[in-house]
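Read off the chains here:
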Amino acid sequence: MASTMLRTSALRSTIRATPTVASKRARLAGVSFVRGKATLPDLPYDYGALEPAINGKIMELHHSKHHNTYVTSYNQAIEKLQEAQQAQDIAGQIALKPLINFHGGGHINHTLFWENLAPKNQGGGEPPSGSLSKAIDGSFGSLDAMKQKFNTALAGIQGSGWAWLVQDTQTGSISIKTYANQDPVVGQFRPILGIDAWEHAYYLQYQNRKAEYFSAVWDVVNWKAAEKRFK
Amino acid sequence: MACNLTPLISPQALEPHISAQIMTLHHTKHHQTYITNLNAALGKLSTAVSTSDITTQVALQPAIRFNAGGHINHSLFWLNLSPPSSPDAKSSAAPQLTSAINKKWGDMETFKSAFNTQLLGIQGSGWGWLVKEEGKNDLRIMTTKDQDPVVEAGLVPVFGVDMWEHAYYLQYNNVKADYVKEIWSVINWKVAEERFLGAQKNAFGMLKASM
Ligand SMILES: [Fe+2]
Ligand SMILES: [Fe+2]
């Protein structure tokens, strides 16, 4: 019974992942704003373009639903914040902080995530070069050792969250950090490369086998984007 | 002594509200993983206790809390769900609890809507609970993050709803509002009434049976 359902579900994912999904291409210029409002950035590749590492159905829901909800909710929270500011309601402004952190964080994190992924024919999975590559070898010994440590960090997240390769803005050194829920990488650390460890990021394809997602995602990591963030 | 997974009646029992595929994965994979990891952590703890290794004992606490929480929460959850066609799935199976709910929230629909608002407000993974204060008939809605269990002294979990994405994603995708609407068709009010009338140790009785 359950295995029949699994097969049906897998089949459905495959069908929807074929390029019936219209995908607009546009530049992904960081977090974009229109008339002061955050907007959902277009992906620089098709929903199905990261297969087989991440299937098209996941990408479609993840981008058009999950990320879009963070954008919408962030804008709503900012509207309320502006109202509270106009009313000089300080307590009301502070009370909005968790919502702004969560939805604003969700918007920032996903925007960075889409950028630091790429299909194989657009450089996905090609190892880093230059100064970032040297920093990785210096800090972790090798790229493979870094990936292994990163995957251990991802697997150790208790609940929803992200793992990031970050750079300390003061010392310049790189390390791996995990963040709960949608907490964004801000302040002392600069985000270099992030992987979404929320269940929605892999469940339709990998279900509970998250270790398989963590190992497959490196096939579509865009190290060129990571290099641009590294200073 | 190791914890074991208690079997479900049948993975199809909650259809169409929660699919058999979700139930099978949720029970035999997710819940089982919490149990496996809990037993591993408890094994290490017992070694650390017998060697008086205090730092290891402390270092094991987060893994124990998380995996024991996962085991406790899911054990409570399976029991507080019921096939939708059963008389247990009607709130009439919980007369005293219903009257306490009406007293606190005015009526059942207002309560459910307040509960759902809390469920949908969880940022990340977690659970929503109807909780009774032991000795009083006072009820409250609580949310807990990740696998934090409701084990504080004096609190009795009457029923819980799993808000991890694995609890609904294969069927409802991102539309968790539909999941929290449908869950009310499979709440086991008979079990909820028993927990409401009992003490905390009664609600957790099944954990001893799983050892
Ligand atoms: Fe995500
Ligand atoms: Fe669960």
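Residues numbered from 1 in each chain as written. Chains lettered and ligands numbered in written order. Predicted model: local features only at pLDDT ≥ 70, side-chain atom pairs only at ≥ 80, totals over all residues. Heavy atoms only, no water.

Bringing the UniProt feature "domain: Manganese/iron superoxide dismutase C-terminal" (unreviewed entry) in chain B into the picture now. According to UniProt, the feature "domain: Manganese/iron superoxide dismutase C-terminal" (unreviewed entry) maps to residues 96–195 of chain B in the numbering used here. Measuring from the first to the last C-alpha atom of residues 96–195 of chain B gives 11 Å, for a span that is 41% helix and 23% strand. (UniProt positions renumbered as here; feature names shortened; annotations may be inferred. Helix = DSSP H or I, 4+ residues; strand = E, 2+ residues; numbered from the N terminus.)

Between two aromatic rings, the relevant description is the distance of the centres plus the angle of the planes. Taken as a whole and judged by the stated rule, the model has 27 aromatic pairs over all chains. With a centroid separation of 6.0 Å and an interplanar angle of 50°, the aromatic rings of Y206 of chain A and Y213 of chain A are classed as tilted. Look at Y206 of chain A and you get buried, because its relative accessible area is 8%. A network of ring pairs unites the aromatic residues W105, F111, F115, F159, W184 and W189 of chain B as a single cluster. We note K132 of chain B situated over the ring of F196 of chain B; from NZ or CZ to the ring centre the distance is 5.7 Å. (Phe/Tyr/Trp six-rings, centres within 6.5 Å; stacked < 30°, edge-to-face > 60°. Buried < 20%, exposed > 50% of the residue type's maximum accessible area, 1.4 Å probe, protein only. Lys NZ or Arg CZ within 6 Å of the ring centre and 35° of its normal.)

This part takes up the sheet that holds strand β1 (residues 126–133) of chain B. All names here are of chain B. If you walk across this open sheet you meet the three strands as β2-β1-β3, and the pairing is antiparallel. Each having just a single partner strand, β2 (139–145) and β3 (155–162) make up the two edges of the open sheet. On average, each strand axis in the sheet is tilted by 30° relative to the strand beside it, whichever way the strands run. Bridging between β1 and β3 involves seven bridges; their strand directions are antiparallel. What sits directly across from G128, in β3, is V161. (Pairing = 2+ DSSP bridges. Axes fitted to C-alpha atoms, helices over the stretch in contact; angles between N-to-C directions.)

Residue and element names in this part refer to chain A. Note on the iron ion (ligand 1): its protein donors are H62 (NE2), H110 (NE2), D196 (OD) and H200 (NE2). The metal-donor distances range over 1.9 to 2.1 Å. Between the four donor atoms coordinating the iron ion (ligand 1), the angles at the centre fall across 89 to 137°, so the site counts as irregular. Accessibility expressed as a relative area gives 0% for D196, which makes it buried. Among the residues examined, H200 registers a relative accessible area of 1% and is labelled buried. (Donors = N, O, S within 2.8 Å, 3.2 Å for Na, K, Ca; no water. Tetrahedral: all angles 85-135°; square planar, octahedral: opposite > 155°, others 65-115°.)

Below, the discussion takes up the coordination of the iron ion (ligand 2). All names here are of chain B. The protein atoms that coordinate the iron ion (ligand 2) are H26 (NE2), H74 (NE2), D162 (OD) and H166 (NE2), at distances spanning 1.9 to 2.1 Å. Around the iron ion (ligand 2) sit four donor atoms, and with donor-metal-donor angles ranging over 88 to 137° the site reads as irregular. Sequence positions of the residues that donate to the iron ion (ligand 2) give the spacing H-x47-H-x87-D-x3-H. Residue H74 is located in helix α3 (residues 61–79), and its partner D162 is located in strand β3; the two are separated by 88 residues in the primary sequence.

For the structure shown, the criterion picks out two cavities of 30 Å³ or more. Lining the largest cavity, in full, are G123, E126, P127, N222, W223 and K224 of chain A. Class assignment for the residues of the lining of the largest cavity results in two nonpolar, two polar and two charged. What the second largest cavity holds in volume is close to 30 Å³. I18, I22, M23, H26, F77, W78, A167 and Y179 of chain B are the residues that line the second largest cavity. Of all the elements in the fold, those that place two or more residues in the lining of the second largest cavity are α1 (20–50) and α3 of chain B. (1 Å grid on protein atoms, 1.4 Å probe; cavity = no way out; pocket = protein on both sides within 12 Å on 5 of 7 lines; lining within 4 Å. Points joined across faces, edges and corners; volume = space filled by probe spheres on them. Nonpolar A, V, L, I, M, F, W, Y, C, P; charged D, E, K, R; others polar.)

Attention shifts here to unusual backbone geometry. Note that the residue after E51 of chain A, namely P52 of chain A, is joined by a cis bond; omega there is 5°. With respect to the helices and strands, P52 of chain A occurs in the loop between β2 (37–38) and α2 (56–86). Following E15 of chain B, the chain continues into P16 of chain B via a peptide bond in cis, with omega recorded as 5°. Here P16 of chain B shows up in the segment before α1. A positive phi angle, close to 55°, is found at S52 of chain B, a residue other than glycine. A residue is classified by how much of its surface remains accessible, and S52 of chain B, at 58% relative accessible area, is exposed. Here D146 of chain B, not a glycine, exhibits a phi torsion of approximately 50°, which is positive. Looking at the element boundaries, D146 of chain B is found in the loop between β2 and β3.

Moving on: the interface of chain A and chain B. Every contact between the two is made by 23 residues of chain A and, on the other side, 22 residues of chain B. For the pair chain A and chain B, the two sides together bury roughly 2200 Å², of which 56% comes from carbon and sulfur. A per-residue breakdown of the area chain A buries against chain B is headed by Q158, E199 and Y203 of chain A, which together make up 29% of the total. Connecting chain A to chain B are zero salt bridges. Linking chain A to chain B there are seven residue pairs in polar contact (both at pLDDT 80 or more). Only α1 (2–17), α2, α4 (97–115) and α7 (203–206) of chain A provide two or more residues apiece to the side of chain A that touches chain B. Partitioned by chemical class, the residues of the side of chain A that touches chain B number eleven nonpolar, nine polar and three charged. (Contact = heavy atoms within 4.5 Å. Buried area = accessible area lost by both parts, 1.4 Å probe. Salt bridge = Lys/Arg side-chain N within 4 Å of Asp/Glu carboxyl O. Polar contact = N/O pair within 3.5 Å; in protein donor to acceptor, adjacent residues only side chain to side chain.)

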